[in-house]
Amino acid sequence: MSIVTVQLGQCGNQVGHEVFSCLCRDLCGTHGLCSRRENQCYQDASRERFFCEEESGGLVARAVLVDMEPKVISQTLSMAARSGFWKYNEHSHFCQKQGSGNNWANGYSVHGPRHKEAIMDLVQKEAERCDRLGGFITTMSMAGGTGSGLGALVTQCLRDAFPTSFILNHIIWPYGTGEVIVQNYNSVLTLSHLYQSSDALLVHENDVIHKICAQLMNIKQISFRDVNQVIAHQLGSVFQPTHPAEGGSDYSRNPLGDLLEALVPHPEFKVLAVRNIPQMPEDSLAYSTFSWPGLLKHLRQMLIANAKMEEGIDWQVRPPPAGSSTSSHSTTKPLHFNTSIANLLVLRGKDVHSVDLGSFQDPSLYTSWLNPQEAFHAWKTPRAFNKYEKSASLVSNSQFLLKPLDSVVGKAWNMFASKAYVHQYTKFGIEEEDFLDSFTTLEQVISSYTTL
């Protein structure tokens, strides 16, 4: 089944470009480390999922590019075309001459209604190119105006136009130190609106990815492109084809539907995180060996201690003892323990079918209202990903975002209480009641995740 990607704003288009480049490198690479037949099935499934094929054999990304200023889109189109391996459809992009000025209300209330028909027409055409449409991934930032404001409106339009399709919003969480003075307003408005219309929100935090670039990838001068390449690697490691853990040999499943079925059992809980291990510079791979027990031991501890990378994990954090209630009213719940609702483990590479997954089926990792058998799923393939002989990714629906979410809502509320910059939003039709509704929605999300 095919996935259509909608790239929104500067950040969404730059991240989207790196994602397709990463997918194409993996797809065309000769590093599969598996049988020729396995490799062929994997490549066919990946092509159908993310690319159309021209008669000449060239790959065209299944994507729609949207921005309110032309510069980033024209750069993105030409970079893809210059790669020689893949490109964007030159008719599947929409841009204007004037940006949204980092104002959510401008994107949502002005540009959105004005241009939604033209944008949705492009999405419809892209969807019609798919033999089997599996759903949509939108890629966007929360901090600016176009990705966040226009992105929230486009997501609502997708929900209206494709009521039975899966929609996953891939969100880039802004740096805590701030890129934009009103980024917390933009973030609160974006998250609360997406919570109404999306099936799940997959979050990448800029601060975390920046740390991975510095500490694991050993990059000295970190650029946005470096950050985006790490994000792309993590996304690719989840969405490239896999087999279900039951040992089926079929690659052509709907990854979005399967992901959401595995991880979002209740509409109140739909925030997802990705952890990926190992991550290192390409030139170090030849000198590194990994064992599955070692990788999974680290990944499990990263999950329960809420560590975002394999360096600096707190090994003191332990799950609550068996038999004790894990609810927040229980005094036995350890401090800093990250309770999960559901986890999906994606394993790629050598000897993948002999891996013991028992440590992730431990009931003490999960909330008490879901059976651990239903809360944990695994996907596997012997096909290696992006030159890593063995790699594991964990997509989790857990309490991981409580701290950053609480921080963003708190900062936005402090500004709102003193009416700072609110006039910038009211002049585009976003009233104070809209802010209050958004705060209420997110306070409810925080409360629900806190009481797991």
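Worth saying up front: this structure is predicted, and the values here are computed from it rather than measured.

Description of the nonpolar core
- Core analysis: the largest hydrophobic core is formed by 144 residues, its most contacted members being Phe 51, Phe 239, Leu 259 and Leu 345.
- By residue number, the principal contributor to this core is helix α4 (residues 104-128), which donates eight residues.
- Apart from the residues lying within four places of it in its own chain, the contact partners of Leu 259 are Leu 168, Val 238, Phe 239, Leu 272, Leu 344, Trp 379 and Val 395.

Quick notes on the sheet that holds strand β2 (residues 51-53)
- Read from one edge of the open sheet, three strands run β2-β3-β5, paired in mixed fashion. This sheet does not close on itself; its edge strands, each paired only once, are β2 and β5 (86-88). In this sheet, neighbouring strand axes are inclined to one another by 35 degrees on average, regardless of whether the strands run parallel or antiparallel.
- Looking at chain direction, strand β3 (residues 59-61) and β5 are connected through three bridges and run parallel. Opposite Ala 61, over in β5, you have Tyr 88 as the bridge partner.
- Against the sheet, helix α2 (residues 36-50) contacts β2 and β3, and its axis sits at roughly 105 degrees relative to β2.

Topic: the pairing of strand β8 (residues 166-173)
- Burial of β8 is extensive: seven of the eight residues sit out of reach of the surface.
- The sheet contact formed by strand β7 (residues 133-141) and β8 spans seven bridges and is parallel. Counted as the bridge partner of Thr 138 is Asn 169 from β8.
- Remark: the β7/helix α5 (residues 146-161)/β8 crossover connection has right-handed handedness.
- As defined by bridge partners, β8 adjoins strand β9 (residues 200-205) across six bridges and the pair is classed as parallel. The residue bridging His 170 from the neighbouring strand is Leu 202, located in β9.
- Where the polypeptide runs from β8 across helix α6 (residues 183-197) and back to β9, its parallel neighbour, the crossover connection is right-handed.

Side note on the sheet that holds strand β11 (residues 271-277)
- Spatially, eleven strands are ordered β6-β4-β1-β7-β8-β9-β11-β14-β12-β13-β10 in an open sheet, and the strand pairing comes out mixed. Of all strands in the sheet, those bounded by a partner on one side alone are β6 (93-95) and β10 (243-244).
- Along the sheet face, α5 touches β1 (2-8), β4 (63-67), β7 and β8 and points at about 160 degrees away from the line of β7.
- Sheet strands touched by α6: β7, β8, β9 and β11. Its angle to β8, the strand with the most contacts, is close to 165 degrees.

Topic: helix α3 (residues 70-82)
- Along its 13 residues, α3 runs 18 Å from first to last C-alpha, staying within 8% of the 18 Å computed at 1.5 Å per residue.
- By the burial criterion, the buried members of α3 are Val 72, Ile 73, Thr 76, Leu 77 and Ala 80. End-on view of α3: buried residues confined to an arc of 130 degrees, all on one side of the axis. Opposite the buried face of α3, at more than 90 degrees from it, the exposed residues are Lys 71 and Arg 82.

So, the packing of aromatic side chains
- Summed over the entire model, instances satisfying the criterion amount to 17 aromatic pairs.
- Their ring planes at 75 degrees and their centres at 4.9 Å tell us that Trp 86 and Tyr 88 sit as a pair that is edge-to-face.
- Taking relative accessible area as the criterion, Tyr 88 reaches 4% and is therefore assigned buried.
- Their ring planes at 90 degrees and their centres at 5.6 Å tell us that Tyr 185 and Tyr 425 sit as a pair that is edge-to-face.

Some details on the side chain of Ser 197
- By secondary structure assignment, the location of Ser 197 is in helix α6.
- With near-sequence residues (within four places) excluded, Ser 197 lies in contact with Thr 155, Gln 156, Arg 159 and Ile 167.

Quick word on α6
- Look at α6: 21 Å from first C-alpha to last across 15 residues, which is about the 21 Å you get at 1.5 Å a residue.
- Buried residues dominate α6, accounting for 14 of its 15 residues.

Points about the confidence of the model for the protein
- When pLDDT is averaged across the protein, the result is 89; 95% of the residues are at 70 or more.
- Note that residues 325-331 has pLDDT below 50 and, in this model, 14 contacts with residues that lie over four places away or in other chains.

Considering the packing of helix α1 (residues 9-28) against α3
- α3 packs onto α1 with a crossing angle of 5 degrees between their chain directions and a minimal axis gap of 10 Å. The pairing of α1 with α3 is recorded here as roughly parallel in orientation. Two secondary-structure elements touch here, α1 through Gln 10, Asn 13, Gln 14 and His 17 and α3 through Val 72, Ile 73, Thr 76, Met 79 and Ala 80.
- Of the residues that constitute the contact of α1 with α3, the class distribution is four nonpolar, five polar and no charged.

Focus on the side chain of Ser 165
- When you line up the elements, Ser 165 lands in the loop between α5 and β8.
- Dropping the residues within four chain positions of it, Ser 165 is found in contact with Leu 133, Gly 135, Phe 136, Arg 159 and Asp 199.

Concerning the environment of Pro 255
- Turning to its location among the elements, Pro 255 is positioned in helix α9 (residues 255-263).
- Along the sequence, Pro 255 and Met 1 sit 254 residues apart, while their C-alpha atoms lie 8.0 Å from each other.
- In contact with Pro 255, other than residues within four places in its own chain, are Ile 3, Arg 49, Phe 239 and Trp 379.

Some words on the environment of Asn 254
- Positionally, Asn 254 belongs in the loop between β10 and α9.
- Taking the relative accessible area as the measure of exposure, Asn 254 reaches 13% and is therefore buried.
- Considered as a pair, Asn 254 and Phe 166 are 88 residues apart in the sequence and their alpha carbons are 9.8 Å apart.
- Every residue in contact with Asn 254, bar those within four places of it in the chain, is listed here: Met 1, Gly 134 and Phe 166.
- From its side chain, Asn 254 meets the backbone oxygen of Gly 134 in a polar contact 3.2 Å long.
- A polar side-chain atom of Asn 254 sits 3.1 Å from the main-chain amide nitrogen of Leu 256.

What counts as what
- Each chain carries its own residue numbering, running from 1 in the direction its sequence is written.
- Residues qualify for local features only when their pLDDT is at least 70, as the model is predicted, and side-chain atom pairs are given and counted only at 80 or more; totals for whole chains, interfaces and linings, by contrast, use all residues.
- Side-chain metrics rest on all non-hydrogen atoms present in the structure, leaving aside hydrogens and water.
- For this analysis, a nonpolar core means a set of buried residues of the types Ala, Val, Leu, Ile, Met, Phe, Trp, Tyr and Cys, connected via side-chain atoms within 4.5 Å.
- Exposure is judged per residue with a 1.4 Å probe applied to protein chains only, and the accessible area is read against the type maximum: over 50% gives exposed, under 20% gives buried, and values in between give partly exposed.
- Secondary structure elements are taken from DSSP: a helix is a run of H or I of four residues or more, a strand is a run of E of two residues or more, and numbering for both begins at the N terminus.
- Residues are treated as being in contact if the distance between any of their heavy atoms lies within 4.5 Å.
- Note on pairing: DSSP must find at least two bridges between two strands before they are called paired.
- Between N-to-C directions, angles cover 0 to 180 degrees, with each direction set by a line fitted to C-alpha atoms, over the stretch in contact for helices.
- Whether a crossover is right-handed depends on one test, that the path from the first strand over the helix to the second runs clockwise when the strands point away from the viewer.
- A helix's residues, less one, multiplied by 1.5 Å, set its expected span.
- This arc is built from the directions going out from the helix axis to the C-beta atoms.
- Centres within 6.5 Å are what make two rings of Phe, Tyr or Trp a pair, Trp counting through its six-membered ring; a difference in plane orientation under 30 degrees is then read as stacked, over 60 as edge-to-face, and the rest as tilted.
- Every residue carries a pLDDT, the predictor's confidence in it, which falls somewhere between 0 and 100.
- Reported orientations rely on four angle classes, namely roughly parallel under 35 degrees, roughly antiparallel over 145, roughly perpendicular from 65 to 115, and oblique for the rest.
- Note on residue classes: Ala, Val, Leu, Ile, Met, Phe, Trp, Tyr, Cys and Pro are nonpolar, Asp, Glu, Lys and Arg are charged, and everything else, Gly too, is polar.
- A 3.5 Å cut-off defines polar contacts: any pair of N or O atoms within that distance qualifies, except that in protein one atom must be a possible hydrogen donor and the other a possible acceptor, and neighbouring residues in sequence count only when both atoms are side-chain atoms.

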